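Each chain is listed here by its residues.
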Amino acid sequence: MTSTTLAPAPTRRHILLVFAGLMVTMLLSSLDQTIFSTALPTIVGELNGVDHMLWVTTAYILASTIMLPVYGKLGDLIGRKGLFIAAIAIFILGSIVGGLAPDMAWLITGRAIQGLGGGGLMILSQAIIADVVPARERGKYMGIMGGVFALSSVAGPLLGGWFTESIGWRWAFWMNIPLGILAIISAVAFLKLPKNSTARPTLDVAGMLLIALASTALVLVTTWGGTTYDWDSAVIIALIITAIVSAVAFVMVERRAAEPIMPMHLFRDRNFNLTTVAGLITGIAMFGAMAYLPTYLQMVTGANATEAGFLMIPMMAALLISSIGSGQLVSRTGRYKWLPITGTVLVAVALLLLSTMTAGMAVWIICAYLAVMGLGLGMSMQILILIVQNSFPLAEVGTATASNNYFRQIGASIGSAVVGSLFVARLHDLFAERMPAAAGGAVGGAGENSLTPAVVKGLPTEIKDIVIGSYNDALTPVFLYMVPLVIIAVILLFFVVEKPLATTLDRGVPAETPAEDLVGVTSAHTGSISVQPGTGERPAPESRA
């Protein structure tokens, strides 16, 4: 048994002050993923950039996805406090560039800079809470973090619409500056984290470049495929080849790197693999459903953009309640395996229910289906991250958390792309099959491409019914297609090993030591650490020189 002296465990007051600062930064990051959805039409109109509208969102997603593993690894190597403050500062800089943007090029540049910082806000917040709160108590805090995401998913579009219609869309950028400064002050004043002892860490530059290349190619495939370019076009095929080749090269580099950005030994942990695949599938289902449900609600129910946002509230309210509630349950009981299993089952049930929607269905029934989806997501998303963090020592918690979130983000991109491609292709076929030849002029002469909710409301009843029915029949089968995929996630989660949640902070385990081989026990009174053999299935590691 070895012993190491540490500073006393953080007090509850200190933890709450740190947590408040983390909530502000998480709100910044999550709001920025949704706030421009309702403001984009006005923005591109003012800046004359309709052709580049997609890049306002893509630039942020791409930059933040690339930076996820980078922030995770650097946080483990050099410490998280300075990196956290730097990420907030970069995010503020991007907000200034976007707020002052005179044209689309500068707007997209600002969004990309925001993404470079935003990629660290969520990941570092999740890792920092692991630095100050033991896994057994962490559930209730991570549940609230999931609630912040739920809140921003509704508040973002509503705020974007309000800014656009009142004080101006640039306030979607300006509001980040005071909040970001507040977060930096909070981090400087209250964030007391253990300092990393690595004087000159070895950076995995080759790994960073390769994962950036693979991520860029994959995000562009999911963004452009089936929309800007046909799936069998030379551009999409070249991007797919680039993604595969760079991913294979990345794995080869990581196997030899001194400090790999995504260590291959993570994938030797059963719980990491199972929760990462389940998280990827959850990302596909969640973002695949959320990407087109607002459009569906506008077209089929006749709601405007703001009303469609309000109709998503039942889903997000249920997500908020179940996320906070499940976190409290985990902290009180120490049991967690059943939660993501039950939650993922509810997601499958919700997708099955959504596949039965009809054009004449009462709006409250659709909202009830969405609430079931929210309940399921709230019971699973943050708990999956907790399982990952509980599988590795604090020296690797940032890397493990970032790797898990990276694949979930990839799942989100894939889900949005696949659902969009299937929906658009099916809608085109249904229009060609059902729309009378003489109706072309009534819908603007461009078929489904020219339809907006306002246009649909003004169509003759016969044609309007065809349009609404086609939208319904194009989207609802896609939900059914995702059910078997989610069932696979349910099956995988049954094989998760429910390891006891650590009741103390383990800071004495080297980064290269597998988490299940050692369990650190910290004394809250003396600040010492005693390292004892764990309960993992593998034998204790051999002593190293």
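Here's a quick rundown of the structure.

Thresholds applied
- Residues numbered from 1 in each chain as written.
- Predicted model: local features only at pLDDT ≥ 70, side-chain atom pairs only at ≥ 80, totals over all residues.
- Heavy atoms only, no water.
- Helix = DSSP H or I, 4+ residues; strand = E, 2+ residues; numbered from the N terminus.
- Expected span 1.5 Å × (residues − 1).
- Bend = angle between axes of the 7 residues up to and from the residue.
- Buried < 20%, exposed > 50% of the residue type's maximum accessible area, 1.4 Å probe, protein only.
- Patch = residues over 30% accessible without salt bridge, like charges linked within 9 Å, V, L, I, M, F, W, Y side chains within 5 Å.
- Areas by Shrake-Rupley, 256 points an atom, 1.4 Å probe, with all protein chains shown as cover.
- Salt bridge = Lys/Arg side-chain N within 4 Å of Asp/Glu carboxyl O.
- Core = buried A, V, L, I, M, F, W, Y, C linked by side-chain atoms within 4.5 Å.
- Axes fitted to C-alpha atoms, helices over the stretch in contact; angles between N-to-C directions.
- Left-handed = near helix turned anticlockwise from the far one by under 90°.
- Contact = heavy atoms within 4.5 Å.
- Nonpolar A, V, L, I, M, F, W, Y, C, P; charged D, E, K, R; others polar.
- Phe/Tyr/Trp six-rings, centres within 6.5 Å; stacked < 30°, edge-to-face > 60°.

Some points on helix H6 (residues 135–165)
Note that an α-helix has 3.6 residues per turn; residues three or four places apart therefore point the same way.
Phase 1 of the analysis: Across its 31 residues, H6 extends 44 Å between first and last C-alpha, which sits within 8% of the 45 Å expected from 1.5 Å per residue.
Phase 2 of the analysis: Along H6, the sharpest change in direction is near 30° and occurs at Ala155; proline Pro157 comes one to four residues later.
Phase 3 of the analysis: With respect to burial, H6 is a largely interior element, 22 of its 31 residues being buried.

Some points on a nonpolar patch on the surface
Phase 1 of the analysis: Together, Leu352, Val418, Leu422, Leu480 and Tyr481 give the surface a local cluster of nonpolar side chains, amounting to about 450 Å² of exposed area.
Phase 2 of the analysis: Among the secondary structure elements, Leu480 is positioned in helix H18 (residues 461–493).

Quick word on the nonpolar core
Phase 1 of the analysis: Counting residues in hydrophobic clusters, the biggest one holds 117 residues, and the most contacted among them are Ile129, Leu351, Met357, Met373 and Phe479.
Phase 2 of the analysis: Top contributing element to this core by residue count: H18, with 15 residues.
Phase 3 of the analysis: Judged by nonpolar contacts, the second largest core, of 18 residues, contains Ile35, Ala101, Met104 and Phe173.

Digging into the packing of H6 against helix H15 (residues 363–390)
Phase 1 of the analysis: The geometry of H6 relative to H15 is characterised by a closest axis approach of 9 Å and an angle of 145° between their N-to-C directions. Here H6 runs over H15; the crossing is right-handed. On H15, the residues touching Ala135, Arg138, Gly139, Met142, Met145, Gly146 and Phe149 of H6 are Met381, Gln382, Ile385, Leu386, Gln389 and Asn390.
Phase 2 of the analysis: A per-class count over the contact of H6 with H15 returns 7 nonpolar, 5 polar and 1 charged.

Side note on the packing of helix H13 (residues 313–333) against H15
Phase 1 of the analysis: Put simply, H13 and H15 touch, their axes get as near as 7 Å, and they point 35° apart. You can see that H13 and H15 cross each other, and the crossing is right-handed.
Phase 2 of the analysis: Of the residues that constitute the contact of H13 with H15, the class distribution is 15 nonpolar, 6 polar and no charged.

Brief notes about the packing of aromatic side chains
Here a ring pair, both rings aromatic, is described through the centre-centre distance and the interplanar angle of the planes.
Phase 1 of the analysis: One pass over the structure, following the stated rule, counts 4 aromatic pairs.
Phase 2 of the analysis: Ring plane angle 85° and centroid distance 6.2 Å describe the contact between Phe267 and Phe407, whose orientation is recorded as edge-to-face. Here the residue Phe267 occupies a position in the loop between helix H10 (234–254) and helix H11 (270–301), and Phe407 occupies one in helix H16 (residues 397–434), the gap between them amounting to 140 residues.
Phase 3 of the analysis: Among the residues examined, Phe267 registers a relative accessible area of 29% and is labelled partly exposed.
Phase 4 of the analysis: Residue Phe407 is classed as partly exposed on the basis of its relative accessible area of 21%.
Phase 5 of the analysis: For the ring pair Tyr406 and Phe407, a centre distance of 5.4 Å and an interplane angle of 80° mean the geometry is edge-to-face.

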